[in-house]
Each structure stands twice: as structure tokens, then as C-alpha cells.
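For reference, the chains in residue letters:
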Amino acid sequence: MEDVQHPPAGAPRRPRPLREWFGLAIVCAGLLVLGVQFWHYVSGNTVVQNALIGGSLAALATALGTLPVLFSQRLSDRVQDTLFGFGAGVMLAACAFSLVIPGIAAAKASGTFGGGAWAAGGIVGSAILLGGLALLMLDRVLPHEHFIKGREGHSAQKLRRTWLFVIAIALHNLPEGLAIGVGYAGNEGLRANALAMGIAIQDVPEGLVVAVALLAAGYKRSFAVLLGMATGLVEPVGAVLGAAVVGYSAAMLPWGLGFAAGAMLFVISHEIIPESHRKGHEASATGGLMVGFVLMMLLDTALG
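In this text the structure is predicted, and so the values were computed from the model without any measurement.

Draft legend 1. A look at the pattern of salt bridges. Enumeration over the complete set of coordinates arrives at one salt bridge. Notably, a salt bridge pairs K279 with D77, separated by 3.2 Å at the nearest N-O pair. Separated by 202 residues along the polypeptide, K279 in the loop between helix 9 (253-277) and helix 10 (282-303) and D77 in helix 3 (residues 77-110) bring together distant segments of the chain. Relative accessible area serves as the criterion here: at 37%, K279 is assigned to the partly exposed category. The partly exposed category is assigned to D77, whose relative accessible area is 27%.

Draft legend 2. Representation of helix 6 (residues 189-216) in the model. Between its first and last C-alpha atoms helix 6 spans 40 Å; for 28 residues at 1.5 Å apiece the expected length is 40 Å, and the two agree. Most pronounced at V204, the bend in helix 6 amounts to some 30°, and the proline P205 follows within four residues. The buried fraction of helix 6 is high, at 21 of 28 residues. Backbone geometry just after helix 6 places G218 at a positive phi near 110°.

Draft legend 3. Structural context of the nonpolar core. Counting 45 residues, the largest nonpolar core has L99, I180, M264 and M296 as the members making the most contacts within it. At the level of secondary structure, the elements contributing two or more residues to this core comprise helix 2 (46-66), helix 3, helix 4 (117-141), helix 5 (161-186), helix 6, helix 8 (234-248), helix 9 and helix 10. Looking at this core, the element that brings in the most residues is helix 3, giving eleven residues. With near-sequence residues (within four places) excluded, M264 lies in contact with M91, A94, C95, L99, P175, E176 and A179. Counting 13 residues, the second-largest nonpolar core is a separate cluster that includes L208, A211, L214 and A224.

Draft legend 4. Structural view of the packing of helix 4 against helix 9. Look at helix 4 against helix 9: their axes get within 6 Å of each other, and the N-to-C directions meet at 50°. The orientation of helix 4 relative to helix 9 falls into the category oblique. In this structure, helix 4 crosses over helix 9, and the sense of that crossing is right-handed. Of the residues in helix 9, those in contact with I123, V124, S126, A127, I128, L130, G131, G132, A134, L135, L136 and D139 of helix 4 are P254, W255, G258, F259, A261, G262, A263, L265, F266, V267, H270 and E271. Residue composition of the contact of helix 4 with helix 9, by class: 16 nonpolar, six polar and two charged.

Draft legend 5. Here's a closer look at the environment of I169. Tracing the chain through its elements places I169 in helix 5. According to the relative accessible area criterion, I169 is buried, its value standing at 5%. Sequence separation between I169 and V234 is 65 residues; the distance between their C-alpha atoms is 9.2 Å.

Thresholds, definitions, all that
- For every chain, the first residue of its written sequence is number 1, and the numbers climb from 1 along that sequence.
- The model is predicted, so local features are restricted to residues of pLDDT at least 70 and side-chain atom pairs to those at 80 or more, both for listing and for counting; the totals for chains, interfaces and linings are taken over all residues.
- The side-chain values count all of the structure's non-hydrogen atoms but skip hydrogen atoms and water molecules.
- Salt bridges, as used here, are contacts in which a Lys or Arg side-chain nitrogen is within 4 Å of a carboxyl oxygen on Asp or Glu.
- Segments assigned H or I by DSSP are reported as helices when at least four residues long, segments assigned E as strands when at least two residues long, and all are numbered from the N terminus.
- Each residue is placed in one exposure class: buried if its accessible area under a 1.4 Å probe, protein chains only, is under 20% of its type's maximum, exposed if it is over 50%, and partly exposed if it falls in between.
- For a helix, the expected span equals 1.5 Å multiplied by the number of residues minus one.
- Bend angle per residue: angle between axes fitted to the 7 residues ending at that residue and the 7 residues starting there.
- Among the buried residues, those of types Ala, Val, Leu, Ile, Met, Phe, Trp, Tyr and Cys that are joined through side-chain atoms within 4.5 Å form a nonpolar core.
- Throughout, a contact is declared for two residues whenever any of their heavy atoms are within 4.5 Å.
- For helices, the fitted line uses only the C-alpha atoms of the stretch in contact; every axis is such a line through C-alpha atoms, and the angle between N-to-C directions lies from 0 to 180 degrees.
- Any angle between 65 and 115 degrees counts as roughly perpendicular, while under 35 counts as roughly parallel, over 145 as roughly antiparallel, and the rest as oblique.
- Throughout, a crossing is termed right-handed when the near helix is turned clockwise from the far one, and left-handed when it is turned anticlockwise from it by less than a right angle.
- Three classes are used: nonpolar for Ala, Val, Leu, Ile, Met, Phe, Trp, Tyr, Cys and Pro, charged for Asp, Glu, Lys and Arg, and polar for all others, with Gly counted as polar.

None of this, on its own, says anything about what the molecule does.
Structure follows, in C-alpha cells:
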């Protein structure tokens, strides 16, 4: 093989060819056009607009949760597990009171298959199973790395460890964004706001735990905070997607609510609870779960 010729150290870099600048300009122009079209769509659809705001609030809560890492060294394992449990409790209550129950009511109101209790429960139950199955398939196909369980999925060794963490956290946050969007499409304003508020509340400790875990994995403090903030950006994307799909057809509402609930239930059982119990702090994690469940229940019943 021929030796590759490298420029001498300190030599000025060659300017980019004109075609590279032209290609970059085309990409930027395309992104600008897509952004303008997206903004027109959002501004003309109140449900999607509210979902975007709710998802952005959850992303902001995740970002706020990472900030203490800039000033403190680490959280104890017991505190981390308690926060994991708290997040699981909030998500469990959100599934029950903000997604499953409204989904059954919507299925009854639609009159599908007679609109009876068995038919409505069957529709929402099937949607729950589909949501869990979809997350299971993503979990099996996409390479990702858990903070404790390690690497999973295909070709995980070929990706940088940072991106494996990013994919794992995106898999975790996507159902939350979908739930926010579907919640705005299927609930009245106060109940939808309660759901978005509950998810945002549990995103604060979640952002803190993610940043602490990245710091413990060997990343620089500033990078751990920035990456932890970035992981919340998938939530407004999921919120807009959920609101747009369910808002397209009223018949999709019970399916969308059930699907979002199933996706969240999968994350709770497959990710959060095992992580919170892995270090022997089951009692603290369970206490956090019960507090989170009660808090979300109060938010939903008081505001909804």
C-alpha cells in the first residue's frame, strides 16, 4: 500500500472546495424551508402548539435538573435510586389517570365495536401491548448502553460510547414526549397540563441522575451537563409527533392514548425499576415510587 502523505505540522489548511460550500448552502436552505413550514403548521394547529410547549417545558425541566452537577461532585447511590423510583411513580400514575382511563372513555364515546366496556377495554389494552412491543423492538434493534446493565442492541461495539448513552436516553424520553402530545390531543386543557406538569416534575431529578451517571462514566463535568440537557430535546419532538398523529383522526385517540401508556409502562418495567433496585436500595426506590405516584395522582385529580 502507498504511504498516505500528511501535510507538515503548522502548514495552513487547504480551503474547502467550492462544491462543498455549495452543498452546505443547499442543506442549510433546505433546513430553513423545513423550519418555516413546520412553524406554519404548528402556529395553525392549537393542539400541536400546546403539545410543543408542553414538550419544551419537559425538556427545560431536564436541563434544569442537570445544573447541580456543575457545582457538586456526585449523588449517593441511595439518592439516585430514590429519584429513579420517584420518576417511575410519576409515570405510573400518568399512565393510569392521564392515558388509560381517558383512552377507555374515548373508546366508549367513539362507539367502535358497539362502544361497550369490553370493546373499549380491548381497544386500549391492544394499544398498550402495541406500545410496549414497539419499544421492545427499538430496544432490541438500536444499539445503546445503559448506565449499569451495559451495552445492548446490534453493532453496539461500533459506536462511540457517548452516542450509545444518547440513544439509550432517547429511548427512555421518547414515550414521555409521546404521552404529552397524545395527552393534549385527547384531554381537556387542565388534564393535559397536569400530565405535562407531572412529566416535567419527574424530568428534573431524571436530568440530575443522567448527568451524574455521565460524570461517573468518565465524562467531563461540562460535557455531562450539556449532553444531559440535550437528551431532553427528544421530548418536544415526540410531543409534536403524538399530537399530530392522534389529532389527524378522532378514531386514533384511544389507540394513541393506549400506545403512549404501553410505551411508558415498558420503560418503567424494563429500565427504571431494575436500575433503581440493582444496588440494594429497594426500600428507598419503592418509597420514591409511591411518593411520585401520589403526587401525580393529586396533580391529575386536582387539575383535571
